[in-house]
Every structure is written in C-alpha cells, then in structure tokens.
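An overview of the molecular structure
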Amino acid sequence: VSRAEVRVDGSVVGAIGRGMLLLVGLEMGDGAAEIEKAAQKVSGLRIFSDDDGRMNLDLAEVGGSILAVSQFTLAGSIRKGRRPSFDGAMDGSEAEPLFDGFVGRLRDLGIDVETGSFGAMMDVELVNDGPVTLLWDSSR
C-alpha cells in the first residue's frame, strides 16, 4: 500500500505509509508453527518495485511498515447457501493471543507494525500501490 489506516469509532488506532496491509484470518487448527511461517514469509516477500519497476525489493529495503488487522471473516465459507458460514474461524479467545504472537514476531524481525483493535468493528482504508493484492493460505 501507499498508505493505510484503521479507525474504531471514528478515531485512528493504526496507520502506516508505504508498506503492507495484512488482513489476518485465523482458522481452527492454526498454531505457533503457522504464525512463525507467516511472519517469515511476509517479512521476506519481494513485492516492492526496484528502480527498473520490477518486484524485487522486500519491506526492509523500502523502509516500509505493516498494518495488521485481524479479520475472522476471511475464514468464512460461501460454498453453500446465501449466508456465509464461519464454522472454520478460530474462536476469538484463541485467535487473539495467536494474532498478538504474529505481530510480536514481526516486530522481533525488525518490522514497524501497527494494528487495529482485535474484535472491534473497524473501518479500514487503504491506497493500493500498483495495485498488488496477494492471498496466502498456509494450508496450501
């Protein structure tokens, strides 16, 4: 993103300039191994343009930040019927410490990380740089 921010009740709770907006959906069965794998993957992705316009630089090389927002609806399924099923989503009491662990691990890797407010109704605004939007599912 060129910039992104998240608001709760009209107040900005997290904002970044250049970097990545991560919408993080935790599913039943996710654990510490998935969190570590995700942090390593995200921190090393070469998705930012170099001087030749090629996706060749990682977050550190462009001085970027991360805005991480917990998003349980990513674990929703619309395979049946007209209403999403969230049966695969991890319960919030289990997901919150994993999400916090993910954020902590990114920070341990030297990344500046902002967040939303876990479990709150949030307004998320972003300006896509490119646009580049990627989906990563640790089970695939």
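Note: the structure precedes this text.
Summarised in this report is the structure supplied together with it. Quantities reported herein were computed from a predicted structural model and do not represent experimental measurements. (Residues numbered from 1 in each chain as written. Predicted model: local features only at pLDDT ≥ 70, side-chain atom pairs only at ≥ 80, totals over all residues. Heavy atoms only, no water.)

Looking at the sheet that holds strand 7 (residues 112-115)
If you walk across this open sheet you meet the 3 strands as 3-6-7, and the pairing is parallel. Of all the strands in the sheet, just strand 3 (19-24) and strand 7 have a single pairing partner and so form its edges. Each strand axis lies, on average, 25° off the axis of its neighbour in the sheet, ignoring direction. The pairing of strand 3 with strand 6 (residues 65-70) spans 6 bridges and is parallel. Residue pairing in the sheet places Leu23 in a bridge with Val69 of strand 6. With respect to the sheet, helix 2 (residues 92-108) is in contact with strand 3, strand 6 and strand 7, its orientation differing from that of strand 7 by roughly 155°. (Pairing = 2+ DSSP bridges. Helix = DSSP H or I, 4+ residues; strand = E, 2+ residues; numbered from the N terminus. Axes fitted to C-alpha atoms, helices over the stretch in contact; angles between N-to-C directions. Contact = heavy atoms within 4.5 Å.)

So, the pairing of strand 2 (residues 11-16)
Note: strand 1 (residues 3-8) against strand 2, 5 bridges, orientation antiparallel. Residue pairing in the sheet places Val8 in a bridge with Ser11 of strand 2. Turn length for the strand 1-strand 2 hairpin, with the two strands adjacent in sequence and antiparallel, is 2 residues, and the turn residue Asp9 shows positive phi of about 55°.

Structural notes on the packing of aromatic side chains
Tallying each qualifying case throughout the model produces 2 aromatic pairs. Between Phe99 and Phe118 the ring centres are 6.1 Å apart and the planes differ by 45°, which places this aromatic pair in the tilted class. Highlighted residues: Phe99 in helix 2 and Phe118 in the loop between strand 7 and strand 8 (123-127), separated in sequence by 19 residues. (Phe/Tyr/Trp six-rings, centres within 6.5 Å; stacked < 30°, edge-to-face > 60°.)

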